There are 2 protein chains.
Amino acid sequence: MPDSQPKEEKPAPTTEAKPEEKEAKAPEENGECNDKDTAEKQTEENGEKKAAVEQPPAKEMRAVVLTAFGGLKSIKVMKKPEPSVAEGEVLIRVKACGLGFQDLMARRGAIEATPKTPFILGFECAGEVEEIGEGVEGFAVGDKVVALPEYRAWAELVSVPQRLVFKMPEGMSFIDAAAITTNFLVAHILLFELGGISPGKSVLIHSAGGGVGLALTQLCQMVPDLTIFGVASKSKHEVLKDGHGIHHLLERGTDYVSEVRKVSPEGVDLFLDCMGGEECNRGYALIKPLGKYIIYGSSNMVSGESKSFFGLARSWWQVDKISPLKLFDDNKGVTGFNLRRLLHLQAGTSTINATVEKVFKLWSEGKIKPVVDSTWALEDISEAMQKMQDRKNIGKVMLDPAMEPKPKPATPAKGAKGSKDKDDKKKGGDAAKDEAKENNAASSGKEEEQNEEVNGEAGDGDAKENAS
Amino acid sequence: MPDSQPKEEKPAPTTEAKPEEKEAKAPEENGECNDKDTAEKQTEENGEKKAAVEQPPAKEMRAVVLTAFGGLKSIKVMKKPEPSVAEGEVLIRVKACGLGFQDLMARRGAIEATPKTPFILGFECAGEVEEIGEGVEGFAVGDKVVALPEYRAWAELVSVPQRLVFKMPEGMSFIDAAAITTNFLVAHILLFELGGISPGKSVLIHSAGGGVGLALTQLCQMVPDLTIFGVASKSKHEVLKDGHGIHHLLERGTDYVSEVRKVSPEGVDLFLDCMGGEECNRGYALIKPLGKYIIYGSSNMVSGESKSFFGLARSWWQVDKISPLKLFDDNKGVTGFNLRRLLHLQAGTSTINATVEKVFKLWSEGKIKPVVDSTWALEDISEAMQKMQDRKNIGKVMLDPAMEPKPKPATPAKGAKGSKDKDDKKKGGDAAKDEAKENNAASSGKEEEQNEEVNGEAGDGDAKENAS
């Protein structure tokens, strides 16, 4: 497990530094859990109950827990105390969860302000309101809702501040709600709020086969006379070439800029970039006068080297630092969009609410529909994540807490190790294989890093921090 | 006249270096004229006519000519050969011309790619089609049109490429056409095409008393529930405080950012900056997440030091150079808009055409109306420019080629000098005074520079390169 050590600048958790110690002492037992709703905390806070020796055991739920920053084997399905509902919060019984590239970054500790491990992963879910906190208005027990919490979504229950909870429209399934909300929220803001797209214009969509990519292509169909360029890895072209309204499908990793210029010599009106890094220069050069370049995430930050996320990111961006004088000369605009920061750190709630409403209305009118790649049991999370990491998904990857995990293979995991990971034992066959792969790679950190780089460069997908 | 020497990096024209020589040899006589339609050129190109000694004299027209880069006294109304109409061009008999801050910059040689002096000034005019060049479609002799040529608009006749000529709507006066087109074109693109303004948002308008500023406030009235902040110099507040729909009038040069924060603690959605320089930092900080900062010109470049336009501009901007990573973190966008480059150097014609059409439609519906500050004879150009330079105008400053110049004062200009400036002799009293002021300043270049700096800092107005 020291594989993750050379890749993170953040101080490695002590449980990570000595794997043996950590495995002997499961996170939920060693009191290091940072979830605010742990049974321990509740008991301590409640002075009356403290004295009672025979208190009833705290109710538990299943949850996908990140035990340490790093590879897939750091993720376990565990029993965790059920969360309580605080003032202004809504407690939700989770029926469906969505995965995004952001989760892969969180797993590696590659986004700012991640909690200390262990913590429950997940940024999006749908379910039924189980309980209402003090001061919450407009929600009732039994309401079907979708929620965009900061972590903790991949569990049977989650308590979420009201401002991050949205009522589902009549007739929408939980899977559809969890699949549609983040992707179309991002896509709608990019295209209309920030991109100002209008009839007759041209747009280039990166990672056109990813969750946001497919949401973008659907929303584009509502604008007459758009020219849509989609960049995706070759392996996705077969699926993408029909039925998605992409006029010009381009291959990721090739000189697609020249291809665009052949069709539209003066460039494109809107360039939607979720790759970052070198794409910035290419993207900026490809936009027309009065054109807009929007960077809404950077999968390069993850799939490339990840030794020092912020250091690396800044050096990448340095090349592309832009003078407003150049923007003035060029008649161009550069915009950043980061849903996570907007939701959790900035005052973006009114736009979020308005846009979620618009998205649900479009769904009700039958104008958009979520594209779900696959749905997995919580216990199959590693396999689900691996698929995203390999950029093999087309559309959204989902979790269903009620779903039965894949049957274990006849010859299960390796020796003593498996027996200690009691919460992980339901893991499916493919995931076990992946774990074996990661364990092998773990013997040489460099090797795994190279492996992931190849994955990142060869693949394509919902590659952004925001969402997928 | 060496006053302009220390301020321009561009090699000073020889006529400028030795004023005596220049005055003895009027630009139209020394063969240095760079207008493409000079009688000399035509004659040379026409070999047959070359032999004819008694050829009819080329028809002449009155035009506002910049004889050398520098102060107001470098501008003369002169007789120039009438332009011929080339392929793809429309010859227009000019009935009204508009002034913009851009003209002040051109006078000083402070915008890129200015022609060599002498040349005819002016970027906007309205008039009647006098002749149609080969290959021109959709225009007929007698059509009332507005045109946005690159220079040469301030004359009795101008020949303009068809793509820069727009038919006026029924019932619009020439003065209104020349006053409305550039300002509302800029304002419409800023607000809707680039700013994506929508109901419920807030916008901060710099130089709210200038031509574009007043166009912006008018267009803002069409969007429900906008909050409008207007920045203008104190002297304009009396006029601006009523009837322009500005909710919060702020004083230029004060800490208006704090004032905005008092009303809207989270900032504004759209910041329209035509001042540049230090405003960049303030403006960027004041926009909300998902907000847009648009820089559409920089009067600071003119009214501050002007020793080296581009060198200075870049050093100003350097402070504000922005990393896309910061935009991504902040959820913000920065956009540049430069109408002149869009019209003449970039392929922006389709947006221009569409927007001019929208603007004319709004005018026809009575939703917008031009604000004209004052109209002047060609011969009173110095006085008109001085008013803009002092930022004393509220709305557009216009020229009317048919207008009689102001009567000369009873005690005219100073001695021998006046008699040489034969084309300038109709100049009004105030302009003559201004010339005297400039001549005094000319004895100490530094002095004039300081004087203009004071003007720039104390005043306000349609302060941008693009237009006013």
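Above: the structure in question.
As the structure is a computational prediction, the values presented were derived from the model and not from experiment.

Conventions adopted
Residue positions are given per chain, counted from 1 along the sequence in the order it is written. A letter from A marks each chain and a number from 1 marks each ligand, given out in the order of writing. Reporting of local features is limited, given that this is a predicted model, to residues whose pLDDT is at least 70; pairs of side-chain atoms are given and counted only at 80 or more, and all residues count toward the totals for whole chains, interfaces and linings. The side-chain figures draw on all heavy atoms in the structure; neither hydrogens nor water molecules are used. Where helices and strands are cited, they refer to DSSP runs of H or I of at least four residues and of E of at least two residues respectively, numbered from the N terminus. Definition of a polar contact: a pair of N or O atoms within 3.5 Å, with one able to donate and the other able to accept a hydrogen when the atoms are protein atoms, and with sequence-neighbouring residues admitted only if both atoms are side-chain atoms. Note on exposure labels: buried denotes an accessible area under 20% of the residue type's maximum, exposed denotes more than 50%, and partly exposed covers the range between, all computed with a 1.4 Å probe on protein chains only. Criterion used throughout: strands pair if DSSP finds at least two bridges between them. Think of each axis as a best-fit line through the C-alpha atoms, taken over the contacting stretch in the case of a helix, with angles from 0 to 180 degrees between the N-to-C directions. The contact criterion used throughout is that any non-hydrogen atoms of two residues lie within 4.5 Å. Oblique is the label for any angle not under 35 degrees, not over 145, and not in the 65 to 115 range, which are roughly parallel, roughly antiparallel and roughly perpendicular in turn. Left-handed is the label given to a crossing in which the near helix is rotated counterclockwise from the far helix by less than a right angle, and right-handed is the label when the rotation is clockwise. Residues are grouped as follows: Ala, Val, Leu, Ile, Met, Phe, Trp, Tyr, Cys and Pro are nonpolar; Asp, Glu, Lys and Arg are charged; every other residue, Gly included, is polar.

Chemist: Can you walk me through the side chain of A:Thr117 in this structure?
Modeler: Here A:Thr117 shows up in the loop between α5 (101-107) and β4 (119-120). Here A:Thr67 takes part through its backbone oxygen, which lies 3.4 Å from a polar atom of the side chain of A:Thr117.

Chemist: What is the right way to look at unusual backbone geometry in this model?
Modeler: Most of the time, phi is negative for any residue but glycine, and the peptide bond is trans. The linkage connecting A:Thr117 with the following residue, A:Pro118, adopts the cis geometry, with an omega of -5 degrees. Inspection of the secondary structure puts A:Pro118 in the loop between α5 and β4. Not every positive phi belongs to a glycine, and A:Asn331 is a case in point at roughly 60 degrees. When its relative accessible area of 1% is taken as the criterion, A:Asn331 is described as buried. The phi angle at B:Leu290 is positive, at roughly 70 degrees, despite the residue not being glycine. Note on placement: B:Leu290 falls in strand β13 (residues 287-295). Take B:Leu290: its relative accessible area is 6%, and that puts it in the buried class.

Chemist: Before we go on, may I ask you to explain the sheet that holds β13(B) in this structure?
Modeler: Strands belonging to one sheet form pairs held by backbone hydrogen bonds; the direction of such a pair is parallel or antiparallel. One open sheet holds the 12 strands; their spatial order is β11(A)-β10(A)-β9(A)-β12(A)-β13(A)-β14(A)-β14(B)-β13(B)-β12(B)-β9(B)-β10(B)-β11(B), and the pairing between them is mixed. For this open sheet the edge positions go to β11 (248-251) of chain A together with β11 (248-251) of chain B, each flanked by a neighbour on one side alone. Geometrically, the sheet is characterised by an average inter-axis angle of 15 degrees between neighbouring strands, direction not taken into account. Looking at chain direction, strand β9 (residues 202-205) of chain A and strand β10 (residues 227-232) of chain A are connected through four bridges and run parallel. Counted as the bridge partner of A:Ile205 is A:Gly230 from β10(A). Each of β9 (202-205), β12 (268-273), β13 and β14 (332-336) of chain B is contacted by helix α10 (residues 279-286) of chain B, which is oriented at about 150 degrees to β13(B), the strand it contacts most.

Chemist: How do you make sense of the sheet that holds strand β2 (residues 75-81) of chain B when you look at a structure like this?
Modeler: With antiparallel pairing, the three strands of this open sheet are ordered in space as β2-β1-β4 (chain B). If you trace the sheet from one side to the other, it starts and ends with β2 and β4 (119-120) of chain B, each paired once.

Chemist: Looking at this structure, I do not really get the packing of helix α6 (residues 174-194) of chain B against helix α15 (residues 349-364) of chain B. What am I missing?
Modeler: For any two helices packed against each other, the geometry comes down to the angle between their axes and how far apart the axes lie. Residues and elements named next belong to chain B. Remark: α6 packs on α15, axes separated minimally by 9 Å, with the N-to-C direction vectors making an angle of 115 degrees. What the angle tells us is that α6 and α15 run roughly perpendicular. In this structure, α6 meets α15 at a crossing whose hand is right-handed. Here Asp 176, Ile 180, Thr 181, Phe 184, Leu 185, His 188, Ile 189 and Glu 193 of α6 lie close against α15, whose contacting residues are Thr 351, Ile 352, Thr 355, Val 356, Lys 358, Val 359, Phe 360, Leu 362 and Trp 363. Here the residues of the contact of α6 with α15 sort into 10 nonpolar, four polar and three charged.

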